[in-house]
Amino acid sequence: RATRRRAMRDLTSTIAARLDAHLTLPLLEFALAEGTHDAKSLREAKLATLVKTKMCDWAEEARAEASGSGSAAEAKARRDATVEAHAALGKAAARAVKFASDGVLIKNLRRDKAANAKFAEDNHGVTSADVDALYKFAKFEYECGDYENASEHLGAVQLLSADNERCESALWGKFAADILLRNWGGALDDMNRLRDALESNASTSNLVKMKQRAWLLHYALFVFFNHPNGRNLIIDVLFQERYMQAVQQEAPHLLRYLAVAIVANKKRRNMLKDLVKIIQSDVYDDPALDFVVAAFVDYDFSKTQEMLKKCDAMIEKDFFLIGCKDAFDENARQYVIENYCKVNKRIDIANLAQMLGMPAADVEATIATLIRGSKLNARIDSEAGFVHVHVEKKSVNEQIIEKTKALLSKTTALTQAVLANTQAQAY
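Residues numbered from 1 in each chain as written. Predicted model: local features only at pLDDT ≥ 70, side-chain atom pairs only at ≥ 80, totals over all residues. Heavy atoms only, no water.

Participant: Hey, could you run me through the pairing of strand β3 (residues 386-389) in this one?
Facilitator: Residues in a regular strand project their side chains so that they alternate between the two faces of the sheet. Both strand β1 (residues 346-348) and β3 contribute to a ladder of three bridges, which runs antiparallel. By the bridge assignment for β3, Ile347 is matched with Val387. Across four bridges, strand β2 (residues 378-381) lies against β3 in antiparallel orientation. Following the sheet pairing, Arg379 is matched in β3 by His388. (Pairing = 2+ DSSP bridges. Helix = DSSP H or I, 4+ residues; strand = E, 2+ residues; numbered from the N terminus.)

Participant: Whenever I open this one, the pattern of salt bridges confuses me. Can you help?
Facilitator: Note on pairing: side chains with opposite charge can pair once their charged atoms come close. Tallying each qualifying case throughout the model produces 27 salt bridges. Between Arg78 and Glu74 there is a salt bridge, and its shortest N-O distance comes to 3.9 Å. A residue pair is termed a helical-turn pair when its members lie 3 or 4 positions apart in one helix, as Arg78 and Glu74 do in helix α5 (residues 72-92) at four residues. Taking relative accessible area as the criterion, Arg78 reaches 34% and is therefore assigned partly exposed. Between Lys325 and Asp329 there is a salt bridge, and its shortest N-O distance comes to 3.1 Å. Pair noted here: Lys325 and Asp329 are both in helix α20 (residues 325-343), with a separation of four residues, about one helical turn. Assessed through its relative accessible area of 12%, Asp329 is described here as buried. (Salt bridge = Lys/Arg side-chain N within 4 Å of Asp/Glu carboxyl O. Buried < 20%, exposed > 50% of the residue type's maximum accessible area, 1.4 Å probe, protein only.)

So yeah, pure geometry; function would need other evidence.
Okay, structure coming up:
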């Protein structure tokens, strides 16, 4: 393979560079809690991030943690200025805020923004100037950390404003707010609508669109690794050609997240072959990618075990992947056992267990499960501690059936993606 670019084991700074300041804070809090970086540097980074926002009280707490001191007078002045600005913006947007807070009214609005704007003005006195004021107020609410109201008000702006650029900006803000509210259903809707808005913008060049897709994927990591169906979503989205191109050209480090999602998801093991093709055509190195190559291409089981240890250490320090650790470990070791059995006719269970750092009984149980599931034609000699494997070459018909199953899975994933976009457009 070509000389590969080494990945940074910790991607916090790399990911944070493509996120809104508010979205970087959970990453910094995680790093502080887990001790993944120098605590002093993290506290300074947290303070530098909070200073960019209007969250004055939290910023002063961070300042005290980082430096142990701060000017009380300056802190009070900043807070007073923020409160005053909030009150002024809220007063200017009062009519639109009242309208946006009426859930029944908002729910009954149509997709036709011109009709919505006319209805709001004729029946509630909400003019385009009021909508502009609402947008400014919602942005300020977001900066103050009032994500719930910001999400509600930015959603109303999208329904009432005829300015496409402003609507897209409002949608990005709502997406970030819903993420910070841990409203994963709402965040998924926002993500799908952003994808649709991005692709339908005829005035944007292909290069800019590719960069926007890369930015969107970084925000989407929160959805991919928190939404109940997130690990399927990252596979479905990233294997779409335009998004894979964005990953390879703009953000190859995201391949780590794709690899972990596939290995951690037994139902998507059919995508491993496609993942291998992507990894082999790319020049980016990462413990998760090296594990896949060692286990499924090179069948280098010593390196596989080495990469598993590195993956464990990497996942424990990754804000997004920490929740996948158990599933990744379990499936990865099962895949290693399965592949090891496929290339060896006689297997010493104790030796294999030692190589994987697993109890021999667990290795034997995994092999028994593979046999029962017809994934392995073998016989276990428990007394001797060996497994005898009968190697069978797949018939042409079996190979065709296997490829057809993979094609069906991809077709289903594509259909779901199209339906998701259609539903987002209908919102």
